[in-house]
Structure formats: structure tokens, C-alpha cells
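An overview of the molecular structure
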Amino acid sequence: MMGFLYVLLCFAVGWALTERFLPELRSPELNVHRRLGTRWFLGEERYPDAVRAGAALDVAVRPWLLVLVSSYLIGTIGVTWAAYLGAYLLRGTGDPLGAGNGVAFVLGAGVLIAEGLRRRPSLPVPRNVGAWVRENRAELVFLGATILVSWGLCSLTLFRRGDELCMGVTVFSDLATHIAQARSFSLGNNFPTEYVFFADGTIRYHFLFQFLCGNLEYLGMPLVWAYNLQSVLAFTAMAALLYQLAVATSGSRLVGFLTCFLGFFRSSFALFVFLWELPPGTSALKAILQVDRFIGRTPHEDWGLWNQNVFVNQRHLPFGVAVLLLVVLVMLPLFADLWDRLSREGREGVGDLLRGAWGEGVSWMPERWGRPLFLGVLLGASGFWNGAALLAALLILFVLAWGSDHRLEYLVLAGVALALAQAQKAFFFQGAAGIHPSIYLGFLTPEKTLKGLIFYYVELFGILPAVGLVALLCAPFRGRGCFALAAAAPLAFANAVSLTPDINVNHKYLFIAVLVGNVLVAFLLGEMMRFRKTWFAAWGLVAVLLSTGVVDLLALHNKNVPERAIAIQEKAPLKLWAQEHLDPNGVILSKNYYMHPVLAAGRKLFNGWQYYTWSAGYDTATRDRVVKEVLEGTVPERLEALLRENRIRYVLVDRDTRREYRVNDGLLRREASMPGGCLEQLYDDGDTVVYGVKER
């Protein structure tokens, strides 16, 4: 019950903060299609005098939907940070999470009381519910369908079966580490916070979504429910804001829905290559319906790197993308201001843009200081929810600022966000480097040439780049070039820079670039659907664009059958014993596990699965040598020195460890049996032995 109250508190606090700091969400100014010259609802009269004079607009953006998702995002970030910082500051108590949640509930109640005293609170209930439902039925159906689809995907890939916590085969690689990190809070005491696969006093991984889910489990919500509920809410918020962004720029619900469909069902030539490679005589329909692998020949397409698997595998990503879309949407009127002003002055060329934007004071001075300050805090505070989304947001905003009025607001927003992000990095990294920027051209392109790059993206994205180019030339709104460059900024970054040793993680930037850029593509398709001559061609393009994504969804479903799920045994004897007897902050030296009962118990490994830690910038090679020397060493003094130098509290040896290492069981047993030895045997079930390091 307390877990659900926590979620409700997040919505309530978020609503109060949204009403206080983001009144723009209820403003008709968000309908920028009127000022950008969009023809929707206007016939051929692209810019009527009535609109210039401030007459009532045909509002396409739904304020209630914006406030709803904004309340979730802002409230969840604010309340969760309060719970985390409260737990950190009170970590010396016997129950830091309990104390932290007490702080969060008290501060949340304070925000609600302050908002109630500031103005008389009133629930946004429509006077005529029936008329409101009819007016918003398209958005309500869209919202309901999004929740059902996302819940179906989440429960397909993470579910409870008796005493087993089951993960789908396409997601367990990431969910295993996420669940272990969440359990370090709900069943452990991970303050100060460490990465459970490389306990060294630092955390260099955006972990706050995992903290949120772990905290909900601590408050009584089953972990599967906590993860699936938050994943559904985050995905729904992302979809709703993407829809609203498209509606704001186009004035068309159709464009909004098309944008979301294009984001969910990827464009690629993978399906056509798959069909071409089928053996002669094979039924294409049967092959499609029974597909049980992710199709595509570009590097790591078989991982599900570009399809719906991303949403259920990297469940913290939709939350970060939703924050990005909210910030961009709120700043969009400043983009429209410049193009509206230049249009009224009869200046729309590139030279006019530069002179009008850079040569006049009105283009620089903020319209309202509160907006960039609040958005900067929001964006900066989301850095450890998903760092890639934060960086992508700054890249997009940097380009948008060039085509916007009041551009000092962008500078203030970016400055605040970067200052907060840097403060968090200093706090969590504790001086460690973590990020290693380097020039890396071509992303995953097999052939690192311009020709290779073009061929790679044509095969990966299918006809989408060509349709996007046509949309760039034909979309009927001013500023489309600047908007397209802003959407492409994360793509350019992904193809030029690597921040970690693993270039694969840059796929998030491409994903975000395509998601935002799809607005232009959907705009073109929506325009084509208005005319009989192009109606059929438009639907043909839609079919080609979505076809691979539809097969991806079938593959995701077929691969994640319950019988193939990877299970965590919740009642495993070693897990239950570890919860009861092992120090939550004690570091365990073991084989490099990615799943293990001690991880399910919320405990930390000295050197877990290297891909997780290496890709985050940890020095795995040094710890590989330490583990080998501890397990295979022959000198007691050296064994004790290594254990104490590296803060190792426990040593775990089992059958898997003995297969990988030539474990010196004799030395370990002698050290545990001798009065002066450095070890003591704590657990032995015939397979697994756990030694504790004696205190001196």
C-alpha cells in the first residue's frame, strides 16, 4: 500500500510544481503551428489576420494530457531525489530507506500544503464530462492503447511465476544488472551508493530509476509490479509527449499518431532482406509469423538494438526521453517567436535569419527567467535517470537556440542543467574519471568511409532517410531546416564521439534523433493524405516504413515465450541466508557473475560481469588479476594483504568458480581453520562455500 501511496504522492507533488512553475503547459502559445505557417485547419490561407490579431486559436495540444505526464515526471524526480538524499544523509540509522521515505513524504506534504495556501486548490474536473470525453476521445483512446501495449510488453518480459522472478531472453542481459542494483536498496543498504558489479565506493551508472523501483519494493510493492508500473508510466509519458510535440508543430492529430507509430515500428530494409534470403518454396507469411530472431544484417541488429526491445530492455530510457521531450516542447514557442517575427518583417532567408537573430537585443533577452531555471533544474536532476537523454537534450536545444528568440533562456537552461549534472558526477564518481571522450567516426559502420556510412544507414533505416529529405524540402512550416538539424544533432554526435569504451551505447542518441526527426516525416505523410492524388502513395509509404517494425514486434513476442525465461530463484537457500547473515555493504569476491543468489539478495560483488563494468569505464583488468591471485594464490600473507587492501569482506567459491580458476581450496580452508588465519567459514552447502574476512 505504501508503494502505491508513494506513486500518488509523486503525481500530486508534480501537479503542484507544474502548476506553479510551468504555466506554459496550459497556454495556447504551445500551438506553434499557427505561427510557423502550417496549413492545417487553415485551408490555403496560411496565416490569417485573425491569428495575428490574437483571436482564439483552434487548440490542438491538450493541456490536461501535458499536465498529467508532466506531473508524473516532475513529481517522480523530485520525490525520489528527496527519498534518496534523505536516506543518504540518515545512512547511519538502522533503516536509512525508511528515514529517507519519511523525509520524502514530509517534504511532499509540505509542497502540497504550500500550494494549497498559495491558492485555493481545485481539481481540474470538466463541468460537462460527456462533452469533454467526446472532445478528447482520440487522445483517451491513444492513452489507453499505449498503456495496454506497454503493459503487455513489460509483463511479457518481466513476470512472477511462483517463487521465480522471470526475465525474457531478450532483456535479461540488462534487467539482471538493473534488478541487482534495485535490490541493493530494497534488501541491502547501498549508501554511499556503489555499483553492485564493481563495489569501489563510486557509482558511474545512471541508477536512479533502479533506486526508484527498489524503493517501491521496500515500501511493499512487489518488484515485478514496481518495474512494470514505472516502465509503463515512463513509456506512456514519452509517447504522449511525442504525440503532443507533433501536434504542436503540425496542428494535426493524424501527424501526432503517425509520429508515434513511426517511433514504435522502425523503418528498415531488414524485412525485405529477410524475405529475399528465404529458401525457395518457403511460405513468406509463415516465416514472418513464426520468426523467432531479430532480423537485420547490420552489426548487432540481432540484439534488438533498434526495435521495441529497447523499451523493455533499457527501461530507464523512456523516462529520460520523456523529460527531453517535455523540455523541448516548453521551449518550442521561443522557436516559433523568431520565425513569426521574421515572417512579419518579410525576412525568411538565411542571411535574414542570422541578422535578425544575432543583431537585435530582443532575440537574446529572456522572456521569463523562471522557465529556463526550472527546466534546467528538471533536466539536470534527470542526469542519473538517463545520462544519454540529458546529453541528447542539450544537443537538440543548442541547435534550436540558433533559430529561436530569447536565446539567453537556452543558455541559462543549459548552464543550470550542466552545473547540476557536474555536481552529481562529482558526488557519485568521487573523483574517478568514468567518462573518456574520444573521437570515433562512423559508429557501428563496418566500412569507415562516407560510402560505407551511407550504405550502413540506408540498410539500417530503409526509406526513412529519403522520405525525411523530401519532408525537409516540402514540409509547410517555417524553420523546418533548423528543426531538422536539431533532431539530427544527436545522430551527428553518435557518429563522431564516444564517451565510453563501448561504442554500442551510442545507439541511444540515434534512437532519440529518429524519434524527434519522425515529426517531419509524419508531417509530410499527413499532408499527402489530404489530397486524392497522393493519398494512396502516402499509405503505401506508411506500409513500407512500418513493415519491419511489425515483424520486430512478432519476433519480440515469439522469442520471449515463458518457457524460455531466465529465472531468479527468490527462495534459493543461499539468497535467504545472504539476506540474513551478510553485511549489506560487505564486498564479495567471487567469479564474475551477472546473476547469482547473492546479487538477488542485494549484496555487492568485487568484480562482476565485465561487460557491465568495462562499458561504464571501470578498471576491470586490475580486478581480474586480484581475483585470480586471491583464488589461486599460495602465500597466506599475500592473500590477507589483497583482501584488506581491496576492502573485500567475503570470498565465495562454488562449482562454477572452480571450473574457471584453479582454486587453492587448501589455503582457504587452512586460513579458515587456523586461529590466526585471516578467514572464517560462514556457509557451506556442499557446493558453495562462503568465507568471511576476520577483523583485526
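Below you will find a few notes about this structure. Small disclaimer: the values here were computed from a predicted structure and weren't measured.

Looking at the overall build of the chain
- A tally of helices and strands in the chain yields 30 helices and 10 strands.
- Taking 2.2 N^0.38 as the reference for a compact globule, 696 residues should give roughly 26 Å; the C-alpha atoms of the chain span a radius of gyration of 27 Å, in line with that estimate.
- For the chain, the C-alpha atoms occupy an extent of roughly 95 × 75 × 50 Å along the three principal directions.
- Put simply, of all contacts in the chain between residues at least 6 apart along the chain, 75% involve residues at least 24 apart.
- Split by element, the accessible area of the chain, about 28100 Å² in all, is 64% carbon and sulfur.

Points about the packing of aromatic side chains
- Inspection of every chain in the model, using the stated rule, returns 52 aromatic pairs.
- Measuring from ring centre to ring centre gives 5.0 Å for Phe185 and Phe211, while their planes differ by 90°; the resulting arrangement is edge-to-face. With Phe185 in helix α7 (residues 172–186) and Phe211 in helix α8 (residues 208–218), the pair connects residues that are 26 residues apart, well separated along the chain. Across this residue pair, the class does not change: Phe185 and Phe211 are buried.

Considering the packing of helix α3 (residues 63–89) against helix α6 (residues 137–157)
- At a minimum axis separation of 11 Å, α3 and α6 run at an interaxial angle of 30°. By the angle between their axes, α3 is roughly parallel relative to α6. Contact residues: α3 offers Trp64, Leu65 and Leu68, while α6 offers Glu139, Leu140 and Leu143.

Focus: the sheet that holds strand β6 (residues 587–589)
- With mixed pairing, the 5 strands of this open sheet are ordered in space as β7-β6-β8-β10-β9. Pairing within the sheet leaves two strands with one partner each, and these edge strands are β7 (604–605) and β9 (679–684).
- Taken together, the 4 bridges between strand β8 (residues 648–653) and strand β10 (residues 689–693) define a ladder with antiparallel strand orientation. Looking across to β10, one finds that Val653 is bridged to Val689.
- Of the strands in this sheet, β8, β9 and β10 are in contact with helix α24 (residues 573–581), which crosses β9 at around 135°.
- Packing against the sheet, helix α28 (residues 636–645) makes contact with β8, β9 and β10, and its axis sits at approximately 120° to β8.

Notes on the layout of surface pockets
- Size it by volume and the second largest pocket reaches roughly 660 Å³.
- Lining the second largest pocket we find 22 residues, and of these Pro465, Gly468, Leu469, Ala488 and Leu491 sit closest to its centre.
- Elements that contribute at least two residues to the lining of the second largest pocket include exactly α19 (450–461), α20 (464–474), α21 (480–494) and α22 (507–528).
- Taken together, the residues of the lining of the second largest pocket break down into 17 nonpolar, 5 polar and no charged.

Notes on the pairing of β8
- Burial analysis of β8 places 5 of its 6 residues in the buried class, the great majority of the element.
- Where β6 and β8 come together, 3 bridges link them in parallel fashion. Residue pairing in the sheet places Ile588 in a bridge with Tyr650 of β8.

Remarks on the pattern of salt bridges
- On inspection of all chains with the given rule, the structure shows 28 salt bridges.
- Taking the shortest distance from any N to any O, the salt bridge between Glu217 and Arg183 comes out at 3.0 Å. Residue Glu217 is found in helix α8, and its partner Arg183 is found in helix α7; the two are separated by 34 residues along the sequence.
- For the salt bridge of Lys604 with Glu194, the shortest nitrogen-to-oxygen distance reads 2.8 Å. Note that Lys604 is positioned in strand β7 and Glu194 in the loop between α7 and α8, a separation of 410 residues in sequence. For the pair Lys604 and Glu194, a shared accessibility class is recorded, and that class is buried.
- Members of the salt-bridge network, linked through shared partners, are Glu24, Glu367, Arg368, Arg371 and Glu409.

Overview of the side chain of Arg204
- In this structure, Arg204 sits in the loop between α7 and α8.
- Taking the relative accessible area as the measure of exposure, Arg204 reaches 16% and is therefore buried.
- In terms of polar contacts, Arg204 uses its side chain to reach the side chain of Asp200, at 3.2 Å.

Re the packing of helix α14 (residues 317–344) against helix α17 (residues 387–402)
- With their axes 10 Å apart at the nearest point, α14 and α17 run at an angle of 5° to one another. Here α17 runs roughly parallel to α14, going by the angle between their axes. Contact with α14, carried on its side by Gly320, Val321, Leu324, Val327, Val328, Met331, Phe335 and Leu338, involves Ala389, Ala392, Ala393, Ile396, Leu397, Leu400 and Trp402 of α17 and no other residues of that element.
- Of the residues in the contact of α14 with α17, the class split is 14 nonpolar, 1 polar and no charged.

Thoughts on the sheet that holds strand β2 (residues 164–167)
- Pairing is antiparallel across the open sheet formed by 3 strands, whose spatial order is β1-β2-β5. On the outer flanks of this sheet lie β1 (158–161) and β5 (566–569), each paired with one strand and no other. When the angles between neighbouring strand axes are averaged without regard to direction, this sheet yields 25°.
- Note that β1 and β2 share 4 bridges and pair antiparallel. The residue bridging Arg160 from the neighbouring strand is Leu165, located in β2.
- Where α6 meets the sheet, it contacts β1 and β2, and its direction lies at approximately 55° from that of β1.
- On top of the sheet, α7 reaches β1, β2 and β5; it is set at about 140° to β2, its chief contact.

Digging into the environment of Ser184
- One can find Ser184 in helix α7.
- Here Ser184 falls in the buried class, since its relative accessible area comes to 0%.
- It is 8.5 Å that separates the C-alpha atoms of Ser184 and Ala600, two residues lying 416 residues apart in sequence.
- Look past the residues within four positions of Ser184 in its chain and what remains in contact with it is Asn189, Asn190, Val196 and Gly602.
- In terms of polar contacts, Ser184 uses its side chain to reach the backbone carbonyl oxygen of Gln181, at 2.5 Å.

As for helix α16 (residues 370–381)
- Across its 12 residues, α16 extends 16 Å between first and last C-alpha, which sits within 8% of the 16 Å expected from 1.5 Å per residue.
- Most of α16 is tucked away, with 9 of its 12 residues classed as buried.
- Residues of α16 that are buried: Arg371, Pro372, Phe374, Leu375, Gly376, Leu378, Leu379, Gly380 and Ala381.

Side note on a nonpolar patch on the surface
- Residues Trp303, Tyr594, Trp609, Tyr611 and Trp614 make up a contiguous nonpolar surface patch of about 480 Å² in total accessible area.
- For Trp609, the location among the structural elements is in the loop between β7 and α26 (610–614).

Side note on the environment of Ala234
- Relative to the assigned elements, Ala234 resides in helix α9 (residues 223–250).
- Its relative accessible area of 0% is what places Ala234 among the buried residues.
- Taking C-alpha positions, Ala234 is 37 Å from Glu447, a pair spaced 213 residues apart along the chain.

A closer look at the state of the cysteines
- Scanning the entire structure with this criterion turns up 0 disulfides.
- Residue Cys213 stays outside any disulfide, its sulfur separated by 10 Å from that of Cys154, the closest cysteine.
- Here Cys474 is not disulfide-linked; the sulfur of Cys482 is the nearest cysteine sulfur, at 19 Å.

Definitions and limits used
Residues numbered from 1 in each chain as written. Predicted model: local features only at pLDDT ≥ 70, side-chain atom pairs only at ≥ 80, totals over all residues. Heavy atoms only, no water. Helix = DSSP H or I, 4+ residues; strand = E, 2+ residues; numbered from the N terminus. Rg over C-alpha atoms; globule rule 2.2 N^0.38 Å. Contact = heavy atoms within 4.5 Å. Areas by Shrake-Rupley, 256 points an atom, 1.4 Å probe, with all protein chains shown as cover. Phe/Tyr/Trp six-rings, centres within 6.5 Å; stacked < 30°, edge-to-face > 60°. Buried < 20%, exposed > 50% of the residue type's maximum accessible area, 1.4 Å probe, protein only. Axes fitted to C-alpha atoms, helices over the stretch in contact; angles between N-to-C directions. Parallel < 35°, antiparallel > 145°, perpendicular 65-115°, else oblique. Pairing = 2+ DSSP bridges. 1 Å grid on protein atoms, 1.4 Å probe; cavity = no way out; pocket = protein on both sides within 12 Å on 5 of 7 lines; lining within 4 Å. Points joined across faces, edges and corners; volume = space filled by probe spheres on them. Nonpolar A, V, L, I, M, F, W, Y, C, P; charged D, E, K, R; others polar. Salt bridge = Lys/Arg side-chain N within 4 Å of Asp/Glu carboxyl O. Polar contact = N/O pair within 3.5 Å; in protein donor to acceptor, adjacent residues only side chain to side chain. Expected span 1.5 Å × (residues − 1). Patch = residues over 30% accessible without salt bridge, like charges linked within 9 Å, V, L, I, M, F, W, Y side chains within 5 Å. Disulfide = S-S within 2.5 Å.

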